[in-house]
Amino acid sequence: MPLPYRGRGSRLASSRVASTSVHSPRRAGRGAPWSSHALRLTRRRHSSEQVPPGPEPQADFRSGKWLQEHAGGDARDSQQTARAGMGSRHRICSQEEVVIPCDSDNDSGSVDLQLSNLEDIKKDPSSLELTDSDIFDITGLSQESFIDSFRHLTQQGPVSEANVERLIQSIQEVFNGELQMLIEEEPLHSLFSSVRQEVFITIANLRQTFQAFSEMLQSLVVKDPHLENLDTIFKQMDPWLQSTKDHERERATASMAQVLKCLSRHLSLKLPLRFQRLGHFVALMALLCGDSVTEVAEEAAEGMHCLLHVTLRLKCTIYDKKNHPNLRRAMKKCQELLELYSIKQFYSCPFKIAQIFEAFLNSNELFQFVMTTLDGLENLKHPCTQKSAGELLITMVKNAESRFEKVPEIMGVICARLSIISQPRVRRQIINTVSLFISRPKYTDIVIGHLLCHPVPYDRHLAELWRTLEVELPSTTWILWRLLRKLQKCHNEPTHEKMAYVAVAATDALYEVFVGNRLQAATFRLFPQLLMTLLIQIHHSIGLTMSDVAVPSGLYTGQEMSSEVTPLCFAIQATKSLLLRTLCWQEFNIMEKNKGWTLLEGKECHLQGVSLLANALLERNHLLAQKVMYLLVPLLNRGNDKHKLTSAGFFVELLQSPVARRLPSIYSIVRLKDWLHHGNRVFKFLALRGLRYLIKHQDMREDIRSLLPCILDLLCETDEKIVLLAIQILLQLVGTMDFTTLTAMMKTLFTLFGDVRSDVHRLSMTLFGASIKSVKYTDKKGVENQVLDSLVPLLLYSQDENDAVAEESRQVLTICAQFLKWKLPQEVYCKDPWYISPSEAGTVCKFFGKKCQGKVNLLAQTLMFSKNAKLPIRRAAVLFVGLLLKYVDCSELRTKGTDWIENEIISIDLHLQPGFCGHLDLKALLHDPEPSLCIIASQALFRVQKVGAEPDSRQSIPG
């Protein structure tokens, strides 16, 4: 077997030793001489080829170096001696010199599993007795024929020391004297000692020796027919059985077939049984059944035939004492499969062989089988053989998928092989194998966990695996859910620690799954959970790089990661692909047009992006939005702040839906009330936003009214969004307020007049006006002073540079006048600044001066605005002071004097009037950098001084 293969002569097939052959139907009646095939092939080979001179390489059986140091150089010298002096009388393949115990070609006994002999099992499988006698019946062997075969074997020549000794003597001349003594002294029962191994090596390196080697192996098996011997032989033959050279693989297969034939006849099963590589052996022989070389496939088929017989007896011996129920089922399955196929069909299809052996292999042997098959996918170069290996793998996993215990190891090999296997059909079978494992609930988490332990972004091979998972519909939701749960669990971790790597890997995996579209039905079913989990992942990923991720050590060894790879990019990609895969095209378009993806990525504007997407979904797909809302009811109480904030932001927008009124108050108003008291201002904002949506339902207003005290307190918040939302809600409830609440609110609103936040300023006036309208007739007297106090501010803010504020001031001023039953002059509604039309300003001053005389100190109020932050208001206030002097009480001015107008510092509550300044002297305004203000202040001061000096002459003061 180890002879170098020279030229392109006919391939060596296995020897058909007549005395030991066990015939299948394919071989029946052939009647060939016992050494015809090997001798004919060997003679043809050596008669047509010349052996080149020089030393030949020493065979090592590719197994871990049989030829050890104890052989030394003697073995090489002995080989040269043998080649130089070997004559015909020394040829060990001579039939006269070698006596091999065997059966005749006409022996009727066979180890074929004949279909006709399985009828008893079919009729009553449960009555199967697991004994050796029954095994003989199942396989077509009778115990008598087995005994007769052994007797016939011993009649031709006993398996004794003489037989082995005769073979040894035929090669003794090639050894030196020292090695010869070692062989003679070696105990014959020690078949695999180092010295005997030297014999094997030497035989393998001699001419015309393959047949002798095969015969010697058979003799050793007959002499000592225990499984441990087969294990040892197989370990040595394994590299040759997997050789890429056809002739080496053919010789090894033929030898193993003969060994298995002998073993199937003479197997001795004594406990403890030691055969550690059954799964590997079965897989390798099955692969050889699909070999592209016909002779190899035929020999492997005969070997598998005998191996099945050996396996049956082995398993019956192991399980018989336990009355193992699996063995009964396995025997029945064996019978059923053999009835479906003829022997020829059966052995021409390796995956059918796997169906038989699957039932007999334990979990460790199944693991060996799969690993060997995976190795075959890489090492077997012929496309047909790779195809057989793929079919073999998928069949075994499909039939025995629930009995594997080393799935992570299998997954590791599969992932490593994907980059090597180029055949599309074989790649498909490999991926289908992963699909089978991942679809079993027992292995789903194991497979997903292993696949997530790869560098991101996934290479094209792993991406293909995720995208093309072939799973039956009932399992798709389970698989996607388990992958989703891997990501969700990461969101429960504290945010101050590094992000778990599995979160990034799972996000990338979800992206690949969505792109692949194999789990589309499950994607639709889990859309709410997927969408919210990915949005939460986006929130967690904002501002992070891969250095902020707890990447397992060694994962990126020797591989540089691009700076563009961030957890955020994976999360955004996955969210986009989810919308597209679930046909949310319009929602996707809305996000793109309104820069929604950019908003989602921002630390300060993330919730704006969430709100935009929620509103898009509510607008375009109401039913899907409703499903998300119901999902969020329990989700709002889970996870950390980022988890809750994103969920709350989405949930609040969905409260616009009409179905929101169906939610129990504990999940709507009560929850929003809790958020109003939350320490995080964002939750307060979201609570107010939700209340604004719910208040349109009349049946919910009463519950919201109970929150008025808390909402009123929020008017003093520094956050503009919170104040604006509070005002909007109060506008909806102002008509239902009692008098006490109403007056308290009006006082607070008065302090917001002139607020630097223009929207707050405008809406506070709007709510003030609405409050005046809401006062009942019987309560009007109680708020009259508040209305009078608001006149000067409203009048002056009608001159505001912000047109919206100015217009709202005029509108509220009208409401106040109606409340007081006044009719305002038309000049009040003039939009031109007063300093442009002093006559119109004088008309307005004259009206208010007369109406407010004795009711409110207009001059003092106006002076408070002379230091307002806004120039138009300061200018209007100073001008108004000068004009009001015509209408003030002269006796009052004479009593008080005018110093307090000219340069007195008036203390005011800056908290109540945040837009005013304390220094209200007109003289200071003479040095203001604004020329228009200086001139108007100068005119006003002149009028003040004139009135102070000549109080009776005020009528002559120019207008």
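What you see is a predicted model; the values in this text were computed from it and never measured. (Residues numbered from 1 in each chain as written. Predicted model: local features only at pLDDT ≥ 70, side-chain atom pairs only at ≥ 80, totals over all residues. Heavy atoms only, no water.)

J.: Before we go on, may I ask you to explain the overall build of the chain in this structure?
T.: Helix and strand counts for the chain come out as 49 helices and two strands. In the chain, which comprises 959 residues, the share counted as buried stands at 56%. At a minimum sequence separation of 6, the contacts of the chain that also span at least 24 residues come to 74%. Taken as a whole, the chain presents about 41,300 Å² of accessible surface, with 50% of it coming from carbon and sulfur. (Helix = DSSP H or I, 4+ residues; strand = E, 2+ residues; numbered from the N terminus. Buried < 20%, exposed > 50% of the residue type's maximum accessible area, 1.4 Å probe, protein only. Contact = heavy atoms within 4.5 Å. Areas by Shrake-Rupley, 256 points an atom, 1.4 Å probe, with all protein chains shown as cover.)

J.: Got a minute to help me understand the nonpolar core in this structure?
T.: The nonpolar side chains of soluble globular proteins are, as a tendency, buried together. Ranked by internal contacts, the top residues of the largest apolar core, which has 256 residues, are L374, F404, F650, W675, M745 and F848. Here the element with the most residues in this core is helix α13 (residues 294–320); it accounts for eleven residues. Setting aside anything within four residues of it in sequence, one finds F650 in contact with L531, M532, L535, V610, L613, A614, L617, V628 and L632. (Core = buried A, V, L, I, M, F, W, Y, C linked by side-chain atoms within 4.5 Å.)

J.: I would appreciate a short explanation of helix α34 (residues 681–694) in the present structure.
T.: Side chains of residues three or four places apart in an α-helix project in the same direction, reflecting 3.6 residues per turn. Spanning 14 residues, α34 covers 20 Å between terminal C-alpha atoms, matching the ideal 20 Å at 1.5 Å per step. Of all 14 residues making up α34, eleven are buried, and the element is well covered by its neighbours. Considered for burial, the residues of α34 that qualify are F683, K684, F685, L686, A687, L688, R689, G690, L691, Y693 and L694. Looking at the buried residues of α34, the elements they touch are α30 (606–620), α32 (641–654), α33 (669–676), α35 (698–705), α36 (708–713) and α37 (720–733). Sitting at the amino-terminal end of α34 is N680, which places a side-chain oxygen 2.9 Å from the backbone nitrogen of V682. (Expected span 1.5 Å × (residues − 1). Polar contact = N/O pair within 3.5 Å; in protein donor to acceptor, adjacent residues only side chain to side chain.)

J.: For this particular structure, what's the right way to read the packing of aromatic side chains?
T.: This model, assessed by the stated rule, comprises twelve aromatic pairs. A ring pair is formed by F437 and Y443, whose centres lie 5.6 Å apart and whose planes are at 80 degrees; its orientation type is edge-to-face. By relative accessible area, Y443 is classed as buried at 1%. On the numbers, 5.3 Å between centres and 75 degrees between planes, the contact of F753 with F768 is edge-to-face. Highlighted residues: F753 in the loop between α38 (739–750) and α39 (758–774) and F768 in helix α39, separated in sequence by 15 residues. Judged by relative accessible area, F753 falls into the buried class, the value being 4%. Each member of the aromatic cluster is reached from another via a ring pair, and the members are F404, F437 and Y443. Between K721 and the ring centre of F685, over which it is positioned, the NZ or CZ distance is 5.8 Å. (Phe/Tyr/Trp six-rings, centres within 6.5 Å; stacked < 30°, edge-to-face > 60°. Lys NZ or Arg CZ within 6 Å of the ring centre and 35° of its normal.)

J.: When you look at the pattern of salt bridges in this model, what are you seeing that I'm missing?
T.: Side chains that carry opposite charge are capable of pairing whenever their charged atoms lie near each other. Taken as a whole and judged by the stated rule, the model has 19 salt bridges. A salt bridge links E302 to K261, with the nearest nitrogen and oxygen atoms 2.6 Å apart. With E302 in helix α13 and K261 in helix α11 (residues 246–266), this pair connects stretches of sequence that are 41 residues apart. One salt bridge in this structure joins R518 and E470, with 2.3 Å as the shortest N-O distance. (Salt bridge = Lys/Arg side-chain N within 4 Å of Asp/Glu carboxyl O.)

J.: What is the right way to look at the side chain of N640 in this model?
T.: Here N640 shows up in the loop between α31 (622–635) and α32. Within the structure, the side chain of N640 is placed 3.4 Å from the side chain of H540, a separation counted as a polar contact.

J.: I keep staring at the confidence of the model for the chain and nothing clicks. Help me out?
T.: In low-pLDDT regions, the fine details of the predicted coordinates are not to be read closely. A residue-level look at the chain finds 68% of positions with pLDDT of 70 or above and a mean pLDDT of 74. Scored below 50 in pLDDT, residues 1–160 makes 307 contacts in the model with residues more than four places away or belonging to other chains. Scored below 50 in pLDDT, residues 953–959 shows 13 contacts in the model against residues more than four places distant or in partner chains. (pLDDT = per-residue confidence, 0-100.)

J.: What am I meant to see in the side chain of S439 here?
T.: Mapped onto the elements of the fold, S439 is located in helix α20 (residues 424–439). According to the relative accessible area criterion, S439 is buried, its value standing at 17%. A distance of 2.9 Å separates the side chain of S439 from the backbone oxygen of L436, its partner in a polar contact. Setting aside anything within four residues of it in sequence, one finds S439 in contact with T444, V471, S475 and I479.

J.: Can you walk me through helix α45 (residues 871–884) in this structure?
T.: Under the 1.5 Å per step criterion, the end-to-end length of α45 is 20 Å for 14 residues, consistent within 8% with the ideal 20 Å. Of all 14 residues in α45, 13 are buried, a share of seventy percent or more.

J.: How should the packing of helix α19 (residues 407–418) against α20 be read in this particular structure?
T.: Axes are the key here: two packed helices are described by the angle between their axes and the distance separating the axes. At a minimum axis separation of 11 Å, α19 and α20 run at an interaxial angle of 155 degrees. With respect to each other, α19 and α20 are oriented roughly antiparallel. For the element pair α19 and α20, the recorded crossing hand is left-handed. Contacts from V407, I410, M411, I414 and L418 in α19 reach R427, I430, I431, T433, V434 and F437 in α20. Taken together, the residues of the contact of α19 with α20 break down into nine nonpolar, one polar and one charged. (Axes fitted to C-alpha atoms, helices over the stretch in contact; angles between N-to-C directions. Parallel < 35°, antiparallel > 145°, perpendicular 65-115°, else oblique. Left-handed = near helix turned anticlockwise from the far one by under 90°. Nonpolar A, V, L, I, M, F, W, Y, C, P; charged D, E, K, R; others polar.)

J.: Explanation requested: the environment of R482 in the structure shown.
T.: For R482, the location among the structural elements is in helix α23 (residues 473–490). Of the residues examined, R482 reaches a relative accessible area of 15% and is grouped as buried. Counting along the chain gives 41 residues from R482 to P441, while the straight-line C-alpha distance between them is 9.5 Å.

J.: For this particular structure, what's the right way to read a nonpolar patch on the surface?
T.: Nonpolar side chains collect at one region of the surface, where F524, L583 and W585 lie side by side and expose about 350 Å² of accessible area between them. Counting through the fold element by element, L583 comes out in the loop between α27 (567–581) and α28 (585–593). (Patch = residues over 30% accessible without salt bridge, like charges linked within 9 Å, V, L, I, M, F, W, Y side chains within 5 Å.)

J.: Any chance you could explain the environment of L796 here in plain terms?
T.: Tracing the backbone through its elements, the reader meets L796 in helix α41 (residues 791–797). Since its relative accessible area comes to 0%, L796 is described here as buried. Considered as a pair, L796 and G754 are 42 residues apart in the sequence and their alpha carbons are 10.0 Å apart. Sequence-distant contacts of L796, that is, excluding residues within four places in its chain, are made with W834, T862, F865, I873, A876 and A877.

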